[in-house]
Amino acid sequence: MIRRDLVIIGAGPAGMAAAATAADLGLSVSILDEQLRAGGQIYRDVDRAAELRGDILGKDYAHGATLTAGLRSRAIDHLPGAVVWAIEEGFRVSYSIDGEAAQLSASHVLLATGALERPMPLPGWTLPGVMTAGAGQILLKQSGVLARNAVLVGSGPLLYLIAIQMIRAGTPPAAMIETQGRGDIMRAMRHLGGALRGWPYLLKGMRMLGEIARARVPRFIGAQDIRIEGDSCAEAVAFTSAGRTRRIACDTVFLHHGVVPNTQAARSLGITHAWDDAQNCFAPMLDEWGQSDVEGVFIAGDGAGIRGARAAEHAGGLAALKIAETLGHISGPDCMERAAPLRAALMHECAPRAFLDAAYPPFGEALAPADSTIVCRCEEVTAGAIRRYAGMGCLGPNQAKAFGRAGMGACQGRFCGLTVTALLAEANGRTADETGHFRIRPPLKPVTLGELAAMDEQAQDAAE
Amino acid sequence: MKTASPFLETDAGPRVDVMFEDVPLRLPEGANLAAALLAAGVQVFRHTKTTGAPRAAFCMMGACFDCLVEIDGVVRQACMIEVSDGLEISRPESAEVHNDPA
Amino acid sequence: METDYAIIGGGVVGLSLAWGLLRRGRTVTVLDGDDGSFRASRGNFGLVWVQSKGMNQPRYARWSQQSAAIWAEFAAELGSNTGQNVPLEQRGGYDLHFSEETLEAKAAQYETLKAKLGGDYPYEVLGHNALRKEEPHIGPEVVGAILHYQDGHANPLRLLMALAADVRRMGGRVLTGKTVTGVTKPDGFRVACADGTMVGAGKVILSAGLGAAEIGPRMGFRAPVRAQRGQVLITEKLPKLINRPSLIARQVDEGGIQIGATNEEVGLDDRVTQPGLSGLAARAVAAYPALAKAQLVRSWGALRVLSPDGLPIYQESATMPGAFLVTCHSGITLAAAHARLMPDWLEGSDVAPDLEVFNEDRFAVS
């Protein structure tokens with residue numbers, strides 16, 4: 001089995017920055033990514049798309065190309081299309097490429113698996129034609145595909161970014177149905193100091209709103225009672241705003257109310273997580289280098305907590321420095337010295353966070369959906385069913401899973417975990433930490449029995 | 001399938017022939033399969049095994065498993081596959097729908 | 001007394017007993033652990049199984065048969081009481097064999113047991129071709145199987161949920177998130193929990209699975225239970241591939257194929273391992289080659305609760321009469337017996353089943 005100093009999972013900004021830093025310091029590195037080209041989600045397919053669509057996607061996106069170039073220039077062992085399905089202590093990483101399972105081992109693991117869209121269960125959200133805003137971005141970035149007649153629903157800067165991109169591409173959204181209200185902005189003003197320190201972000205935001213206004217995209221603020229209507233696909237979004245009930249016909253609905261750390265791999269390793277009230281999600285407990293409470297496993301990027309793409313790079317660099325120090329490639333003082341500018345940059349990136357989190361909070365109706373709303377998409381379990389299980393003594397998601405199959409489907413709780421925890425916590429009058437989260441075990445992604453069986457044969461052959 | 005797709009394709013490039021549920025389609029070579037199917041007007045990728053409800057691509061990043069299709073007897077996420085010539089794609093074979101009262 | 005019975009452990013054993021006692025008009029309080037407890041009831045294979053039980057103790061084979069025979073009625077009653085269907089299929093099950101020698105040896109053992117049971121042990125030895133008629137997808141490496149007509153499988157999680165619902169419906173009190181720290185018997189029983197909860201009861205049942213090892217000895221039991229890990233795989237939902245269950249694989253009512261299971265002595269470790277998963281996958285694919293393309297979507301490890309001889313332990317405490325230890329590793333198969341027949345034993349009635357072979361005396365060093 002190939003043995004490395006460091007295995008990185010995820011070739012987004014955190015992973016790519018860590019790989020470059022580690023390689024420069026003489027570590028042997030493999031970076032595994034399930035996508036076929038490096039960039040993660042934020043810089044998805046940047047090597048192909050920056051040229052084609054750079055003007056629509058913006059300068060921030062193009063920056064990703066410097067990171068992908070960094071991977072190539074150092075001849076880092078980059079394994080694209082590698083779907084990691086198990087990480088065991090030692091560390092032994094099992095993955096599959098093109099239907100063939102393989103393993104490699106390393107003394108250190110960096111999880112850089114980024115974020116997922118915060119689940120946004122609304123009536124009708126499982127209909128064909130409903131997608132996450134992130135999906136809309138990916139369609140554009142990777143494939144140049146645009147929705148002709150789309151409504152954007154939710155809150156957060158990403159919604160504005162997508163609107164801008166659609167406007168520039170010639171397919172403006174039919175409407176923006178925004179769930180944050182004036183009260184949220186007022187409450188966010190408490191954090192204005194931080195926001196002003198991050199003034200480039202604010203300025204960018206203001207410019208985006210201006211561009212949206214000039215394109216005459218209808219915006220509805222403080223929307224409530226949102227439901228997606230349609231028989232076999234999305235046909236309209238109904239909602240109330242400013243006291244009026246409205247219905248906007250559409251073919252596509254993009255949902256977004258924030259992103260949350262993707263904790264699947266971390267959970268499968270038993271890493272301790274804690275509830276982050278400000279960001280309304282679970283985040284892994286890490287030290288200032290990104291080291292988790294499982295020795296040798298680091299987490300960097302949005303998977304550690306939502307701080308954005310630039311912060312992810314700095315965090316990736318910090319983790320790599322610490323690992324290099326642990327392996328004796330640099331001294332303690334040298335490590336601290338190299339880390340200092342990264343820490344400063346990281347702090348700078350985090351400055352506007354508190355303001356943004358407060359100004360664009362998650363949509364309350366989606367955090368506590370109505371009884372008839374599906375919360376587990378894979379097994380079609382409703383919010384009402386989860387509340388019923390609480391009434392039957394289910395204190396935590398694993399018992400609820402046993403009762404109703406929520407979390408047992410293919411996505412393994414990626415899109416229902418937070419909702420199930422929130423529903424149980426509310427029903428039982430306990431905190432999210434007390435309630436807990438789904439137990440995550442391999443396979444992190446599906447793997448065929450044939451591939452698994454082949455590994456057994458290899459082991460037997462090796463033993464003979 | 002609708003004939004007019006709700007999506008606009010802006011990339012021009014060579015196309016190849018594939019089949020989706022026995023219907024021939026010409027999709028951009030090397031494109032993301034889920035994106036290409038959506039752009040070609042495919043609205044329903046699969047039906048859930050629990051209630052037979054229609055589903056299509058949702059997250060486009062390999063996390064939601066709603067874009068499952070069957071190719072060569074193996075069920076995979078369309079958003080993790082690239083278009084190649086001659087692909088024969090079908091909806092995952094549905095087992096009997098189980099309607100146990102929950 | 002606050003409650004007739006305090007039942008320590010709210011898994012399938014505890015809830016089945018609670019159900020049966022409530023049905024007889026007793027009052028019951030169940031004390032159950034938290035979301036992270038090991039819970040063999042959540043991680044088992046779901047078989048309602050007769051064959052291969054009690055090869056060295058015909059009484060256990062008979063007890064399993066009795067339970068299997070009344071399982072359908074039990075499930076139907078739960079279903080009609082709660083409106084929650086408990087899926088059950090009892091059309092027989094297989095012991096699959098990859099070698100003629102093991103098949104013949106097993107058949108010989110079954111024949112011996114059958115004689116001890118007065119002929120009531122309906123099984124058939126199927127060669128490969130005969131098996132293939134029953135299971136079109138069986139692989140060429142499977143030389144044959146023993147088909148036992150009294151075997152079947154159920155949905156164990158639905159069973160658990162229906163029991164939980166019906167116990168509550170009948171007025172049973174179920175307290176969750178409780179860790180029992182001590183049981184004393186000043187006059188009646190007093191069961192104390194870590195969070196200060198105190199339950200007074202006329203009788204106490206210890207049905208806490210592996211938890212019995214700790215608290216059992218303090219109640220006058222030997223409670224020689226140990227953990228044995230079983231790793232289990234489950235695939236995506238598939239079209240019908242497997243007609244009858246075996247220990248290697250069964251197709252569950254939801255459509256996925258469940259593949260089991262390892263037998264590992266690793267202490268209180270319920271994690272899964274890649275070698276464990278690979279070994280199980282290899283065996284499943286050998287049995288049903290069509291599974292090579294099936295996607296594994298989930299796996300788990302669960303800890304069996306094993307006595308030294310693998311048989312249940314049913315024991316009344318000598319030092320605390322009125323306290324009972326009820327533990328087994330076949331909680332699903334025996335759920336019906338625990339629900340319908342055990343209460344007579346607990347109540348000391350005339351029609352109590354003879355469960356003497358299951359008491360702890362058999363563990364005494366003579």
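Residues numbered from 1 in each chain as written. Chains lettered and ligands numbered in written order. Predicted model: local features only at pLDDT ≥ 70, side-chain atom pairs only at ≥ 80, totals over all residues. Heavy atoms only, no water.

Regarding its fold elements, chain B presents one helix and eight strands. Along the chain direction, N to C, the helices and strands of chain B fall in the order β-β-β-α-β-β-β-β-β. Taken over 102 residues, chain B has a buried fraction of 57%. Total accessible area computed for chain B in this model is approximately 4200 Å², and 49% of it derives from carbon and sulfur atoms. (Helix = DSSP H or I, 4+ residues; strand = E, 2+ residues; numbered from the N terminus. Buried < 20%, exposed > 50% of the residue type's maximum accessible area, 1.4 Å probe, protein only. Areas by Shrake-Rupley, 256 points an atom, 1.4 Å probe, with all protein chains shown as cover.)

A tally of helices and strands in chain A yields 19 helices and 23 strands. Radius of gyration (C-alpha) of chain A: 22 Å, near the 23 Å computed for a compact globule of 464 residues. Dimensions of chain A, computed from the C-alpha atoms along their principal axes, are close to 70 × 50 × 40 Å. Across the 464 residues that make up chain A, the buried fraction comes to 61%. In chain A, the share of contacts with a sequence separation of at least 24, taken over all contacts with a separation of at least 6, comes to 68%. Summing over all exposed atoms, chain A offers an accessible surface of approximately 17200 Å²; the carbon and sulfur share of this is 53%. In chain A, 44 positive and 48 negative side-chain charges are present, and the distance between their average locations comes to 8 Å. (Rg over C-alpha atoms; globule rule 2.2 N^0.38 Å. Contact = heavy atoms within 4.5 Å. Lys, Arg positive; Asp, Glu negative; His and termini not counted. Charge placed at Lys NZ, Arg CZ, Asp CG, Glu CD.)

Membership of the largest hydrophobic core comes to 238 residues, with the highest contact counts inside it found for Leu111, Val153 and Val237 of chain A, Leu33 and Phe45 of chain B together with Trp71 and Leu159 of chain C. It is helix α11 (residues 309-326) of chain A that contributes the most residues to this core, 10 residues altogether. One finds Ala86 and Leu449 of chain A together with Ile257 and Tyr288 of chain C within the second-largest nonpolar core, a separate group that totals 35 residues. (Core = buried A, V, L, I, M, F, W, Y, C linked by side-chain atoms within 4.5 Å.)

What follows covers the sheet that holds strand β6 (residues 123-127) of chain C. Residues and elements named next belong to chain C. Reading across the sheet, the three strands line up as β5-β7-β6 and stay open at both edges, with antiparallel pairing between neighbours. Two strands close off the open sheet at either side, each with one partner strand: β5 (93-97) and β6. Mean inter-strand twist for the sheet, computed between neighbouring axes without regard to direction, equals 20°. (Pairing = 2+ DSSP bridges. Axes fitted to C-alpha atoms, helices over the stretch in contact; angles between N-to-C directions.)

Position of glutamine 295 of chain C relative to the elements: it lies in strand β16 (residues 295-306). At 2.7 Å, the side chain of glutamine 295 of chain C forms a polar contact with the backbone oxygen of valine 75 of chain B. Setting aside chain neighbours within four positions, we find glutamine 295 of chain C in contact with Pro446, Val447 and Thr448 of chain A, Val74, Val75 and Arg76 of chain B together with Thr235 and Glu236 of chain C. (Polar contact = N/O pair within 3.5 Å; in protein donor to acceptor, adjacent residues only side chain to side chain.)

Turning our eyes to something else, we now look at the sheet that holds strand β15 (residues 256-259) of chain C. Sheet architecture is open: five strands sit in the order β23(A)-β16(C)-β13(C)-β15(C)-β14(C), paired in antiparallel fashion. Looking at strand neighbours, the two that pair on one side only are β23 (447-448) of chain A together with β14 (249-251) of chain C, the edges of this open sheet. Sheet topology note: the strand β13 (residues 226-237) of chain C/β16 of chain C ladder contains 10 bridges and is antiparallel. Across the sheet, leucine 233 of chain C pairs through a bridge with serine 299 of chain C, a residue of β16 of chain C.

This part is about the domain arrangement of chain A. Reports often express the size of an interface as the amount of accessible area lost when the parts come together. Residues and elements named next belong to chain A. Domain boundaries assigned for chain A yield domain 1 (2-116 + 260-330), domain 2 (119-257 + 355-359) and domain 3 (368-430). The gap between the C-alpha centroids of domain 2 and domain 3 is 27 Å. Counting residues at the interface gives six residues for domain 2 and eight residues for domain 3. Across the domain 2 to domain 3 interface the summed buried area is about 690 Å²; carbon plus sulfur atoms make up 68%. (Domains from an automatic or database assignment. Buried area = accessible area lost by both parts, 1.4 Å probe.)

The next point concerns helix α6 (residues 156-169) of chain C. Residue and element names in this part refer to chain C. Spanning 14 residues, α6 covers 20 Å between terminal C-alpha atoms, matching the ideal 20 Å at 1.5 Å per step. With 12 of its 14 residues buried, α6 lies for the most part within the structure. For α6, the set of buried residues is Pro156, Leu157, Arg158, Leu159, Leu160, Met161, Ala162, Leu163, Ala164, Ala165, Asp166 and Val167. The N-cap of α6, judged by a side-chain oxygen 3.1 Å from the amide nitrogen of leucine 157 a few residues on, is asparagine 155. Positive backbone phi, at 90°, marks glycine 171, one or two positions downstream of α6. (Expected span 1.5 Å × (residues − 1).)

The next thing to look at is a nonpolar patch on the surface. Taken together, the side chains of Trp199, Leu203 and Met206 of chain A make up a nonpolar region of the molecular surface, amounting to roughly 340 Å² of accessible area. Relative to the helices and strands, methionine 206 of chain A resides in helix α9 (residues 199-214). (Patch = residues over 30% accessible without salt bridge, like charges linked within 9 Å, V, L, I, M, F, W, Y side chains within 5 Å. Salt bridge = Lys/Arg side-chain N within 4 Å of Asp/Glu carboxyl O.)

The subject of this paragraph is the interface of chain B and chain A. Across the boundary between the two partners, chain B contributes 37 residues, which contact 45 residues of chain A. Across the chain B/chain A interface, buried area totals approximately 3400 Å², and carbon plus sulfur atoms make up 57% of it. Here chain B and chain A share four salt bridges between them. The salt bridge partner of arginine 55 of chain B is glutamate 380 of chain A, with a shortest N-O separation of 4.0 Å. On the surface where chain B and chain A come into contact, there are 16 residue pairs in polar contact (both at pLDDT 80 or more). Elements that contribute at least two residues to the side of chain B that touches chain A include exactly β1 (7-9), α1 (33-39) and β5 (54-55) of chain B.

Let us look at the side chain of serine 96 of chain A. Residues and elements named next belong to chain A. Relative to the assigned elements, serine 96 resides in strand β5 (residues 92-97). Among the polar contacts made by the side chain of serine 96, one reaches the side chain of tryptophan 85 at a distance of 3.1 Å. There is a polar contact of 2.5 Å between the side chain of serine 96 and the side chain of glutamate 451. Ignoring any residue separated from it by four or fewer positions in sequence, one finds serine 96 in contact with Gly81, Ala82, Val83, Trp85, Ala101, Val447 and Glu451.

On to the pattern of salt bridges, then. Tallied over the entire structure, the rule returns 48 salt bridges over all chains. For arginine 244 of chain C, the salt bridge is made with glutamate 134 of chain C, and the minimal N-O distance between the two is 2.8 Å. Taken together, the residues span a long stretch of sequence, with arginine 244 of chain C in the loop between β13 and β14 and glutamate 134 of chain C in helix α5 (residues 128-134) at a distance of 110 residues. The exposure class of arginine 244 of chain C is buried, given its relative accessible area of 11%. Taken together, the salt bridges that share partners define one network made up of Glu89 of chain A together with Arg229, Glu264, Asp269 and Arg271 of chain C.

It is worth spelling out unusual backbone geometry at this point. Most peptide bonds adopt trans geometry, and most residues besides glycine take a negative phi value. Residue and element names in this part refer to chain A. Glycine 90 connects to phenylalanine 91 through a cis peptide bond whose omega is -10°. Here phenylalanine 91 lies in the loop between β4 (82-88) and β5. A cis amide bond links proline 442 with the next residue in sequence, proline 443, at an omega value of 5°. Looking at the element boundaries, proline 443 is found in the loop between α18 (432-435) and β23. The phi dihedral of glutamine 412 is positive, around 55°, even though this residue is not glycine. Among the secondary structure elements, glutamine 412 is positioned in the loop between α16 (397-404) and α17 (417-428). Residue class for glutamine 412 comes out buried when judged on its relative accessible area of 6%.

This part takes up the interface of chain C and chain A. Each partner contributes residues to the interface: chain C has 41 residues there, and chain A has 35 residues. Carbon and sulfur atoms supply 57% of the area buried between chain C and chain A, which totals about 3100 Å² over both sides. Of all residues in chain C, the largest losses of buried area upon contact with chain A belong to Asp35, Gln274 and Arg298 of chain C, amounting jointly to 20% of the total for that side. Put simply, chain C and chain A have five salt bridges between them. Its salt-bridge partner being glutamate 379 of chain A, residue lysine 237 of chain C comes within 3.2 Å of it at the nearest N-O pair. Joining chain C to chain A, the criterion identifies 17 residue pairs in polar contact (both at pLDDT 80 or more). Those elements giving two or more residues to the side of chain C that touches chain A turn out to be α6, β13, α8 (274-287) and β16 of chain C. Take the side of chain C that touches chain A: its biggest share by element is eight residues, from α8 of chain C. Classifying every residue of the side of chain C that touches chain A by side-chain character gives 19 nonpolar, 10 polar and 12 charged. (Nonpolar A, V, L, I, M, F, W, Y, C, P; charged D, E, K, R; others polar.)

Below, the discussion takes up the packing of aromatic side chains. Enumeration over the complete set of coordinates arrives at 16 aromatic pairs over all chains. Seen in terms of ring centroids, tyrosine 314 of chain C and tryptophan 345 of chain C are 6.2 Å apart; in terms of plane orientation they differ by 55°. Their pairing is tilted. Here tryptophan 345 of chain C lies in helix α10 (residues 342-347) and tyrosine 314 of chain C lies in strand β17 (residues 313-316), a separation of 31 residues in the sequence. For tyrosine 314 of chain C, a relative accessible area of 0% translates into the label buried. When its relative accessible area of 18% is taken as the criterion, tryptophan 345 of chain C is described as buried. Aromatic rings pair up to connect Tyr60, Trp63, Tyr314, Phe324, Trp345 and Phe358 of chain C into one cluster. Its guanidinium or amino end placed over the ring of tryptophan 289 of chain A, arginine 343 of chain A lies 4.5 Å from that ring's centre, counting from NZ or CZ. The ring of tryptophan 125 of chain A has arginine 377 of chain A lying over it, and the distance from NZ or CZ to the ring centre is 4.7 Å. (Phe/Tyr/Trp six-rings, centres within 6.5 Å; stacked < 30°, edge-to-face > 60°. Lys NZ or Arg CZ within 6 Å of the ring centre and 35° of its normal.)

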